[in-house]
Amino acid sequence: MFNHILNNDFVDIVKGRRSVRHYDENFKISREELSEIISEASLAPSSANMQSWRVVVVDTPEGKEKLKPLVRFNTLQNDTSSAMLLIFGDTDSYLYSEEIYNTAVEQGKMPAEVRDNQLETILSFFPTLSKEMKVEIAKIDSSLFAMQLMLVARAHGYDTNPMAGFEADQLARTFDLDEERYAPVMMISIGKAKVEGYESVRLSADKISFWR
Ligand SMILES: Cc1cc2nc3c(=O)[nH]c(=O)nc-3n(C[C@H](O)[C@H](O)[C@H](O)COP(=O)(O)O)c2cc1C
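Below is a short write-up of the structure. (Residues numbered from 1 in each chain as written. Predicted model: local features only at pLDDT ≥ 70, side-chain atom pairs only at ≥ 80, totals over all residues. Heavy atoms only, no water.)

## Here's the deal with the pairing of strand β5 (residues 182-191)
Rule in force here: Using a 1.4 Å probe on the protein chains alone, a residue whose accessible area is under 20% of its type maximum counts as buried, one over 50% counts as exposed, and one in between counts as partly exposed. What counts as a helix is a DSSP run of H or I of at least four residues, what counts as a strand is a run of E of at least two, and both are numbered from the N terminus. Strands were regarded as paired on the criterion that DSSP finds at least two bridges between them.
The buried count for β5 comes to 10 of 10 residues, which makes it a mostly enclosed element. In this sheet, β5 lies alongside strand β3 (residues 83-90) in antiparallel orientation, the contact comprising 8 bridges. Across the sheet, residue Gly-89 finds its bridge partner in β5, namely Ala-183. Here strand β4 (residues 159-163) runs beside β5; their pairing, made up of 5 bridges, is antiparallel. Pairing of Thr-160 across the sheet is with Ile-190, part of β5.

## Comments concerning helix α6 (residues 112-125)
To keep it simple, the criterion reads: By this rule the span expected of a helix is its residue count minus one, scaled by 1.5 Å. Here, the arc refers to the directions that run from the helix axis to the C-beta atoms. Whether two residues are in contact is decided by their heavy atoms, any of which lying within 4.5 Å being enough.
Counted at 1.5 Å a residue, the expected span for α6 with its 14 residues is 20 Å, and the 20 Å between its end C-alpha atoms agrees. Every buried residue of α6 is accounted for by Arg-115, Leu-119 and Ile-122. Seen end-on, α6 carries its buried residues on one side only, within an arc spanning 70 degrees. Within α6, the exposed residues directed more than 90 degrees away from the buried face are Glu-113, Asn-117 and Glu-120. Those residues of α6 hidden inside the fold are in contact with α5 (97-106).

## Focus on the site of the ligand
For clarity, the cut-off: The nearness test applies per residue and asks whether one of its heavy atoms lies within 4 Å of the molecule or strand. In protein, a polar contact means a hydrogen-donor-capable atom and an acceptor-capable atom, both N or O and within 3.5 Å, with residues adjacent in sequence counting only if both atoms are side-chain atoms; elsewhere, any N or O pair within 3.5 Å suffices. Note on areas: Shrake-Rupley with a 1.4 Å probe; residue coverage comes only from the protein chains shown. By the convention adopted, Pro, Cys, Tyr, Trp, Phe, Met, Ile, Leu, Val and Ala count as nonpolar, Lys, Arg, Asp and Glu as charged, and the other residues, Gly among them, as polar.
Taken together, 14 residues sit near the ligand, with Ser-19, Arg-21, Asn-74, Ala-164 and Arg-202 positioned nearest. One of the side-chain N or O atoms of Arg-17 is found 2.9 Å from an oxygen atom in the ligand. Protein contact buries 65% of the 620 Å² of open area that the ligand shows by itself. Per element, the largest residue contribution to the shell around the ligand is 3 residues, and it comes from β4. Split by residue class, the shell around the ligand holds 4 nonpolar, 6 polar and 4 charged.

In structure tokens form, the structure reads like this:
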């Protein structure tokens, strides 16, 4: 992790991020580096550390061709990006809870009693939640992961575009995932910018804050 960081300037990473829709189609990010970007983004927080985010990395011409009919008006990103990252929320992420918490104990990051208490709560609570709640939790976790991934990408010298414009009802099935388990969250294109994104405006803090 953090072997390919080109930009460590926090203000530049955050302030300079723009949605980039046109990339250098000849530039390929290696799978090794994409895996590193995914690992770094996975340092995001998540509900009970269940890490519900899952990513389908579409970086082959065949994969891009499969994705093409599902991306609506986002064809330029699909055609020119180094990869399209399809972010899903795993509604059964609690199935990894024992692995996660046992590893924390093995690595000396958590006392065994804390693990036992946490696991008892998770395993008696998560499976009983409604489908709607499971999807909501998975989408919140995955959105935090997605944001972190976009900033990590900038630190690696790349740009991104988050996209909700896609055929959500077909995404999991098209890429051989169980559509009952994996909820589509967003697509993120990633690559070397060919055309810079434009600067956009934000509402002021007083418009979006309620002080009590
Ligand atoms: C959830 C979400 C969905 C979006 N969907 C699309 C999309 O389908 N296509 C697109 O070109 N941009 C999409 N965007 C990008 C927004 O238009 C962009 O983030 C916004 O205009 C602010 O610009 P900036 O990202 O350059 O700061 C999406 C952004 C978010 C967060």
